[in-house]
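Here is what each chain is made of, one letter per residue.
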Amino acid sequence: MLIPADRGCEIGGYVYAFDKESGKLRWKLRASAPATNLVVAGDAVIFGTRRDEWFSVDIDSGQVNWQFKDAAPDPECKMPKTPTTDGVDVSFVSHQGVLYTLDANSGRELRKTTLPSPATTGLFMYKDVLYFGTQDGRLHAIIPEDGRELAQRRLPGALSGRFVWTKRPPGTYFEYAFATTAGGEGRHGMLLAFRDEFERTLWSQTREREWTSEQPHVWKQWVIAGNCRGDIVAYSLADGKVAWEEHVKGCVRSFSDDGSTLYIGAQAGTVYAYRR
């Protein structure tokens, strides 16, 4: 079990590896503000820091395989967008808006492209295509082998967070993503459902507040979102209608589940367990 511990840019952080059965610490790696989700490529995990450093680390030993640095660290110390990998290459976006693709095994730079608009989502490798959203309200689809743009689609808001997909009978794939739009009293949150590799929008729902949970979470027959008011909303996967709502104390940041129980992570450090 791997856990990154980010303590900000002024204090060094660590990535910890624990034995899943015993809970004993296997190794720890000091890193400058490890701040992205960990992505697995073979026997390694890859992650980025707030300083625009990118590491590949052997899962078993904690040995650094390679390290890649952008031309200059991020002076604002922002959280970088989550990288993605197909197991062969790894792609990520720097704070300067450059899309990099490296060889996942060696860390060798394969190509880089300056994006026309800042990325607003984590990168998403899905059915051999690289997807991401940008601030200008567009969804981009890139061929990872050569960096060619396969498609570009304009959406009603700027996508945010991370993408999620699910497969439903009789074998149809559906994709879900958050977006934000500007409103009279601030930013509104949207949840969009797609199918056919983002070719079609099935439905969309808008709320007064933007969503702050890391990504839409599919649980049972619902897709679930949360915001910083503690509002939790479950939408029907089929048609996007509101199925139920709950409220917790704190800013909702994440969801997980074990099938029967939904776990809700709030920014204050509280974890709620919910059954329905």
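Before reading on, note that the structure itself is shown above.
Here is a short report on the structure shown in this document. A quick note: this is a predicted structure, and the numbers were derived from the prediction, not measured.

Topic: the sheet that holds strand S14 (residues 138–142)
Reasoning step 1: If you walk across this open sheet you meet the 4 strands as S12-S13-S14-S15, and the pairing is antiparallel. Looking at the sheet topology across the chains shown, the edges are occupied by strand S12 (124–126) and strand S15 (149–154). Neighbour-to-neighbour, the strand axes of this sheet turn through a mean angle of 20 degrees, independent of strand direction.

With respect to the environment of Leu-115
Reasoning step 1: As for its placement among the helices and strands, Leu-115 is situated in the loop between strand S11 (109–114) and S12.
Reasoning step 2: The buried category is assigned to Leu-115, whose relative accessible area is 13%.
Reasoning step 3: For the pair Leu-115 and Gly-97, spaced 18 residues apart in sequence, the C-alpha to C-alpha distance is 5.7 Å.
Reasoning step 4: Excluding anything up to four places from it in sequence, Leu-115 contacts Val-93, Gly-97, Leu-99 and Phe-132.

Some details on unusual backbone geometry
Reasoning step 1: Even without a glycine there, the phi angle at Glu-197 is positive, about 55 degrees.
Reasoning step 2: For Glu-197, a relative accessible area of 32% gives the class partly exposed.
Reasoning step 3: Positive phi, normally seen in glycine, also occurs at Phe-198, with a value near 70 degrees.
Reasoning step 4: Relative to the helices and strands, Phe-198 resides in the loop between strand S18 (186–195) and strand S19 (200–207).

Considerations on the layout of surface pockets
Reasoning step 1: Taken as a whole, the largest pocket spans an internal volume of roughly 1,400 Å³.
Reasoning step 2: If you go around the largest pocket, you meet 41 residues; those closest to its centre are Met-79, Pro-80, Lys-81, Thr-82 and Thr-120.
Reasoning step 3: For the lining of the largest pocket, the elements supplying multiple residues, two or more each, are strand S16 (158–168), strand S17 (172–183) and strand S24 (252–257).
Reasoning step 4: Sort the elements by how many residues they give to the lining of the largest pocket and S16 lands first, with 5 residues.
Reasoning step 5: Grouping the constituent residues of the lining of the largest pocket by class yields 12 nonpolar, 17 polar and 12 charged.
Reasoning step 6: Of the voids in this model, the second largest pocket is the one considered here, and its volume is about 230 Å³.

Some points on the pattern of salt bridges
Reasoning step 1: Tallied over the entire structure, the rule returns 9 salt bridges.
Reasoning step 2: A salt bridge links Arg-148 to Asp-146, with the nearest nitrogen and oxygen atoms 2.7 Å apart.
Reasoning step 3: In this structure Arg-148 comes out as exposed when scored by relative accessible area, which is 51%.
Reasoning step 4: Glu-214 serves as the salt-bridge partner of Arg-162, at 3.2 Å between the closest nitrogen and oxygen. Pair noted here: Arg-162 is in strand S16 and Glu-214 is in the loop between S19 and strand S20 (217–219), with a separation of 52 residues, a long-range link.
Reasoning step 5: Here Arg-162 falls in the partly exposed class, since its relative accessible area comes to 26%.

Some thoughts on the pairing of strand S9 (residues 89–93)
Reasoning step 1: Counting buried positions along S9 gives 5 out of 5 residues, so the element sits mostly inside the fold.
Reasoning step 2: In S9, alternate side chains face the same way, and those of Asp-89, Ser-91 and Val-93 on one face and Val-90 and Phe-92 on the other are all buried.
Reasoning step 3: Of the strand pairs in this sheet, strand S8 (residues 84–85) and S9 are connected by 2 bridges, and their pairing is antiparallel. Within S9, the residue paired with Thr-85 across the bridge is Val-90.
Reasoning step 4: Linking two consecutive strands that pair antiparallel, namely S8 and S9, is a turn of 3 residues; a positive phi of about 90 degrees is found at Gly-87 within it.
Reasoning step 5: Two strands pair when backbone bridges link them, and S9 and strand S10 (residues 98–103) are joined in this way by 5 bridges, in the antiparallel orientation.

Some thoughts on the packing of aromatic side chains
Reasoning step 1: What the rule picks out here adds up to 25 aromatic pairs.
Reasoning step 2: Aromatic side chains Tyr-14 and Tyr-16 sit 5.8 Å apart centroid to centroid with 35 degrees between the ring planes, which places their arrangement in the tilted category.
Reasoning step 3: Accessibility expressed as a relative area gives 19% for Tyr-14, which makes it buried.
Reasoning step 4: We classify Tyr-16 as partly exposed; its relative accessible area is 23%.
Reasoning step 5: Three or more aromatic residues joined by ring pairs make a cluster, and in this case those are Phe-124, Tyr-126, Tyr-131, Phe-163, Trp-165, Tyr-173, Phe-194 and Phe-198.
Reasoning step 6: Residue placement shows Arg-168 over the ring face of Phe-174; its charged tip is 4.5 Å from the ring centre.

How each quantity is defined
- Residues numbered from 1 in each chain as written.
- Predicted model: local features only at pLDDT ≥ 70, side-chain atom pairs only at ≥ 80, totals over all residues.
- Heavy atoms only, no water.
- Pairing = 2+ DSSP bridges.
- Helix = DSSP H or I, 4+ residues; strand = E, 2+ residues; numbered from the N terminus.
- Axes fitted to C-alpha atoms, helices over the stretch in contact; angles between N-to-C directions.
- Buried < 20%, exposed > 50% of the residue type's maximum accessible area, 1.4 Å probe, protein only.
- Contact = heavy atoms within 4.5 Å.
- 1 Å grid on protein atoms, 1.4 Å probe; cavity = no way out; pocket = protein on both sides within 12 Å on 5 of 7 lines; lining within 4 Å.
- Points joined across faces, edges and corners; volume = space filled by probe spheres on them.
- Nonpolar A, V, L, I, M, F, W, Y, C, P; charged D, E, K, R; others polar.
- Salt bridge = Lys/Arg side-chain N within 4 Å of Asp/Glu carboxyl O.
- Phe/Tyr/Trp six-rings, centres within 6.5 Å; stacked < 30°, edge-to-face > 60°.
- Lys NZ or Arg CZ within 6 Å of the ring centre and 35° of its normal.

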